Amino acid sequence: MLPIVIASDHAGFSLKEQVKKHLEEKGIEYKDLGTNSAESVDYPEYASKLCKEIQEGRSDLGILVCGTGIGMSMVANKHKGIRAACVSDVFSAKATRMHNAANVLCFGERVVGAGLAFELVDAFLSTEYEGGRHQRRVDMVNSFDK
Ligand code: RB5
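Values in this document were obtained by computation on a predicted structure and should not be read as measured data. (Residues numbered from 1 in each chain as written. Predicted model: local features only at pLDDT ≥ 70, side-chain atom pairs only at ≥ 80, totals over all residues. Heavy atoms only, no water.)

Caption draft 1: Structural context of the site of the ligand. Taken together, D9, H10, A11, Y43, C66, G67, T68, G71 and R110 form the complete shell of residues around the ligand. A distance of 2.8 Å separates an oxygen atom of the ligand from a polar backbone atom of G67. One of the side-chain nitrogen or oxygen atoms of R110 is found 3.4 Å away from an oxygen atom of the ligand. For the ligand, whose unbound accessible area comes to 290 Å², protein coverage reaches 73%. Tallied by class, the residues present in the shell around the ligand amount to three nonpolar, four polar and two charged. (Near = heavy atom within 4 Å. Polar contact = N/O pair within 3.5 Å; in protein donor to acceptor, adjacent residues only side chain to side chain. Areas by Shrake-Rupley, 256 points an atom, 1.4 Å probe, with all protein chains shown as cover. Nonpolar A, V, L, I, M, F, W, Y, C, P; charged D, E, K, R; others polar.)

Put into structure tokens, the structure is as follows:
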């Protein structure tokens, strides 16, 4: 399995660091694409950097953290082949893998606490896309890439 990629802006930096520790404790390999401090940066830059890692085949799944998760998901979903979901509940974190074949999980440090963030990550990373009846719809989603 390729390493998962993770990135944040300044507003998601602290939670990203906590999520990294959580991944380490679980033995999950990751690549941190920044940011590396709480100094103000622009979330579109970090979302795009992460999406390129997936587009270029160096990773299959990513995690983006900003203040809300929303800006990151907006940017990510403008990248071909990226299906990003901004979630703050465990059911949605699982369902978006099963039904939407989401490949990027987004959440907000100003929205979820660390405990819930870890649950979102665990649910997202341990759930497989179901395929089958969902594939036609995922193909439709992907058709808007063109
Ligand atoms: C930064 O203040 C904040 O706007 C950003 O982290 C994010 O929440 C945008 O969607």
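On we go.
Caption draft 2: Molecular detail of the pairing of strand β1 (residues 4–8). Along β1, five of the five residues are buried, which leaves the element largely enclosed by surrounding structure. For β1 and strand β2 (residues 30–32), the ladder comprises three bridges, and the chain directions are parallel. Among the inter-strand pairings, I4 is bridged to a residue of β2, identified as Y30. Since β1 and β2 lie parallel, the crossover through helix α1 (residues 13–25) that links them has a hand, and here it is right-handed. Sheet topology note: the β1/strand β3 (residues 62–66) ladder contains four bridges and is parallel. Its bridge partner lying in β3, I6 is registered against I63. (Buried < 20%, exposed > 50% of the residue type's maximum accessible area, 1.4 Å probe, protein only. Helix = DSSP H or I, 4+ residues; strand = E, 2+ residues; numbered from the N terminus. Pairing = 2+ DSSP bridges. Right-handed = clockwise from strand over helix to strand, strands pointing away.)

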